[in-house]
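Fold and geometry: a report
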Amino acid sequence: MDSAQNAAQTDEDSSTADRRIPDSLEGDPEAIALGKRIFHTYCWGCHGRNGTGAQCPDFSDDKQLHGSRYEDLVKVVTNGVKGSPMGPWGYALGRKRLLQVVAYVFSLKGTREARQK
Ligand code: HEC
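This text gives an overview of the structure that appears in the document. Nothing here was measured: the structure is a model prediction, and the numbers come from that model.

How each quantity is defined
Residues numbered from 1 in each chain as written. Predicted model: local features only at pLDDT ≥ 70, side-chain atom pairs only at ≥ 80, totals over all residues. Heavy atoms only, no water. Helix = DSSP H or I, 4+ residues; strand = E, 2+ residues; numbered from the N terminus. Buried < 20%, exposed > 50% of the residue type's maximum accessible area, 1.4 Å probe, protein only. Contact = heavy atoms within 4.5 Å. Areas by Shrake-Rupley, 256 points an atom, 1.4 Å probe, with all protein chains shown as cover. Phe/Tyr/Trp six-rings, centres within 6.5 Å; stacked < 30°, edge-to-face > 60°. Near = heavy atom within 4 Å. Polar contact = N/O pair within 3.5 Å; in protein donor to acceptor, adjacent residues only side chain to side chain. Donors = N, O, S within 2.8 Å, 3.2 Å for Na, K, Ca; no water. Tetrahedral: all angles 85-135°; square planar, octahedral: opposite > 155°, others 65-115°. Core = buried A, V, L, I, M, F, W, Y, C linked by side-chain atoms within 4.5 Å.

1. Quick word on the overall build of the chain
- Helices and strands together make up the secondary structure of the chain, namely 5 helices and 0 strands.
- Helices (α) and strands (β) of the chain occur, in sequence order from the N terminus, as α-α-α-α-α.
- Split into buried and exposed, the 117 residues of the chain put 34% on the buried side.
- Summarising the internal contacts of the chain: among those between residues at least 6 apart in sequence, 63% fall at separations of at least 24.
- Carbon and sulfur atoms make up 51% of the accessible area of the chain, which amounts to about 8000 Å² in all.

Below is the structure:
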């Protein structure tokens, strides 16, 4: 009889070889820097250079439509938003780059007041 397969903790990880990927890269300066580049490659077109894209939620204010915790952003970027242009990025980016880009987006939170819009 097969013993319980050590199925990956999360299904999303099955496409990724690197098992050392952490659960969260929140606040990690290196991840934020790398995430910024990823953002400028994939997300900028819709979300704008500083995450304040006209047609999209503004990341720099405190109002998040899909939850404001780091984990909430990981979820929405992984799965996308059905019925909106926001696609699921889980497979395209892979877990690690996804955590990095979310670390960047998360770092923008609350910066709006500082910029006076
Ligand atoms: C094709 C345009 C498009 C692209 C490309 C895109 N997004 Fe989005 N994104 C949207 C739209 C539109 C929404 C709002 C969805 C809704 O109606 O809730 C959204 C929502 C989000 C949210 C949730 C915001 C909130 O208020 O909860 C996050 C986080 C996000 N996007 C991150 C990203 C990241 C990171 C990337 C790049 C990997 C990306 N998006 C690429 C269009 C886009």
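2. Re the packing of aromatic side chains
- Applying the stated criterion to the full structure yields 4 aromatic pairs.
- Ring geometry for Phe 39 and Phe 59: centres 6.2 Å apart, planes at 70°, overall edge-to-face. On the criterion of sequence distance, the pair formed by Phe 39 in helix α1 (residues 29-42) and Phe 59 in the loop between α2 (44-47) and α3 (70-79) is long-range, its members being 20 residues apart. In this structure, Phe 39 and Phe 59 share a single accessibility class: buried.

3. Observations concerning the site of the ligand
- Around the ligand there are 20 residues in total, and Cys 43, Cys 46, His 47, His 66 and Met 86 lie nearest to it.
- Leu 65 is positioned such that a nitrogen or oxygen atom in its backbone is 2.8 Å from an oxygen atom of the ligand.
- Within the side chain of His 66, a nitrogen or oxygen atom sits 2.6 Å from an oxygen atom of the ligand.
- Elements with a contribution of two residues or more to the shell around the ligand: α2, α3 and α4 (90-108).

4. A short note on the coordination of the iron atom of the ligand
- For the iron atom of the ligand, the full set of protein donor atoms is His 47 (NE2) and Met 86 (SD), at a range of 1.9 to 2.1 Å.
- Of note is the iron atom of the ligand, whose 6 donor atoms meet at the metal with angles of 86 to 179° in an arrangement that counts as octahedral. Of this pair, His 47 sits in helix α2 while Met 86 sits in the loop between α3 and α4, and the two are 39 residues apart along the sequence.
- On the basis of relative accessible area, His 47 is assigned to the buried category, the value being 9%.
- Here Met 86 falls in the partly exposed class, since its relative accessible area comes to 22%.

5. Focus: the nonpolar core
- In this structure, Phe 39, Tyr 70, Val 101 and Val 102 are the most contacted members of the largest nonpolar core, which totals 22 residues.
- Secondary-structure elements contributing two or more residues to this core are α1, α3 and α4.
- In this view, Val 101 contacts Gly 35, Ile 38, Phe 39, Cys 43 and Leu 93; residues no more than four positions away in its chain are not counted.

6. Notes on the environment of Arg 20
- When you line up the elements, Arg 20 lands in the segment before α1.
- For the pair Arg 20 and Lys 96, spaced 76 residues apart in sequence, the C-alpha separation works out to 9.6 Å.

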